[in-house]
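Analysis of the macromolecular model
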Amino acid sequence: MRRVKGVYHKTFYCNDLYNLSDGDHVLDIFLLTDIKYCSNDRGVKWLSATLEDITGGIRAKIWSDKILMEYEGFKSQIVVAGGTVNYYAGKPEVTIDKMVLAKAGEYELTEVIKTLSNEKIQVYKEQVLGMIENISSPELRAFVSFLINEKTLLLMSELPVHLTGHHAYRGALLEHVSEVVTGAYTYVKSTSIVRGIKCNLDIVIAGALLHDIGCTERFKKEGFCFSLKEEQKILSSKYLTCMLLETARSNVQLNTELFSQLYHVVEASHQGIEPRTLEAMVVHSNNQLSAELDFYENSCLETAITTESVDIFWSKDLKRELYRIRGKKKNGE
């Protein structure tokens, strides 16, 4: 890592680990996502840890002679960790010699964890609020506004969509919802001149905005990480979303026909329920596209850039081979 004007910047990322050799030294800033005591039959004890940054994670160990009591309290915090690279069963890991908590203001958070900048948060909030205003039906607009208010937007700017899966990072819920509703709105507006069947744009906007609203009830923050609320562990975000729709209906008047159409769009936006209306198909497709693009982006981050014009890599989430095409460089580039 290097220091510029009092702020440390990363020079080593997790996906660089495979480029290092046995015995190489690592010192940089990471998010400590997991740490726990381990032992074997011979009585050897150590701490097993996971260090992460925006490119992925690496396994780490702290042997008993290097363990400090405070290390367990570092979980879900930003740390500066230094150690030696070791290969075990053909895979690299880091043996940590020293680890300290990083001080706020002395590092760039966006280099360590995937999160939204304040500028992006503001842009996405304005997009979401603008889409609510685009709902022409006063009662449907009031219904959506009841569920998406300033408090909700704050939560959305902090929470993920999933703990593992697509959009599993801080603020991803707001980004994902903004992407889905903007994409769905744009699709309907741009194809309306060629489609013979009319699409209810109000239902599309409302469904896209609310399709993942249950995530605001599902997660809790733990340091810089998230976990499921104890009472919500057996409930899916789709189920929680439907519960919130029912709660909103008891507080805001919405006629049965509009509510039924909206409910189906929300239910069918995810896997398990087939979309049976045009509006549901539009939201489902844009939700799927947003998820796949996030998986693609994650795979790109985890894959080292080569000198080739095309990088070929495997996505474990999409279960297929992907390409990153940059094109040929021009002279002088």
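Attention here is on the structure that accompanies the text. Predicted model, so just to flag it, every value in this text is computed and none were measured.

1. What to know about the environment of Asn19
Along the polypeptide, Asn19 turns up in the loop between strand S2 (7-9) and strand S3 (25-39). Among the residues examined, Asn19 registers a relative accessible area of 59% and is labelled exposed. Sequence separation of Asn19 and Pro92 is 73 residues, and the distance between their C-alpha atoms is 9.7 Å.

2. Observations concerning the side chain of Thr241
Within the fold, Thr241 resides in helix H7 (residues 237-251). Residue class for Thr241 comes out buried when judged on its relative accessible area of 0%. Those residues in contact with Thr241 that lie beyond four places of it in its chain are Leu210, His211, Asp212, Ile213, Gly214 and Val266.

3. Regarding the packing of aromatic side chains
Summed over all chains, the structure comprises 6 aromatic pairs. With centroids separated by 5.7 Å and ring planes inclined at 45 degrees, the aromatic side chains of Phe259 and Tyr263 adopt a geometry described as tilted. Here Tyr263 and Phe259 lie together in helix H8 (residues 256-268), a separation of 4 residues that amounts to about one turn. These aromatic residues form a ring-pair network of at least three members: Phe143, Phe259 and Tyr263. Over the face of the ring belonging to Trp46 we find Lys61, whose NZ or CZ atom lies 5.4 Å from the ring centre.

Reading guide: rules and limits
- Residues numbered from 1 in each chain as written.
- Predicted model: local features only at pLDDT ≥ 70, side-chain atom pairs only at ≥ 80, totals over all residues.
- Heavy atoms only, no water.
- Helix = DSSP H or I, 4+ residues; strand = E, 2+ residues; numbered from the N terminus.
- Buried < 20%, exposed > 50% of the residue type's maximum accessible area, 1.4 Å probe, protein only.
- Contact = heavy atoms within 4.5 Å.
- Phe/Tyr/Trp six-rings, centres within 6.5 Å; stacked < 30°, edge-to-face > 60°.
- Lys NZ or Arg CZ within 6 Å of the ring centre and 35° of its normal.

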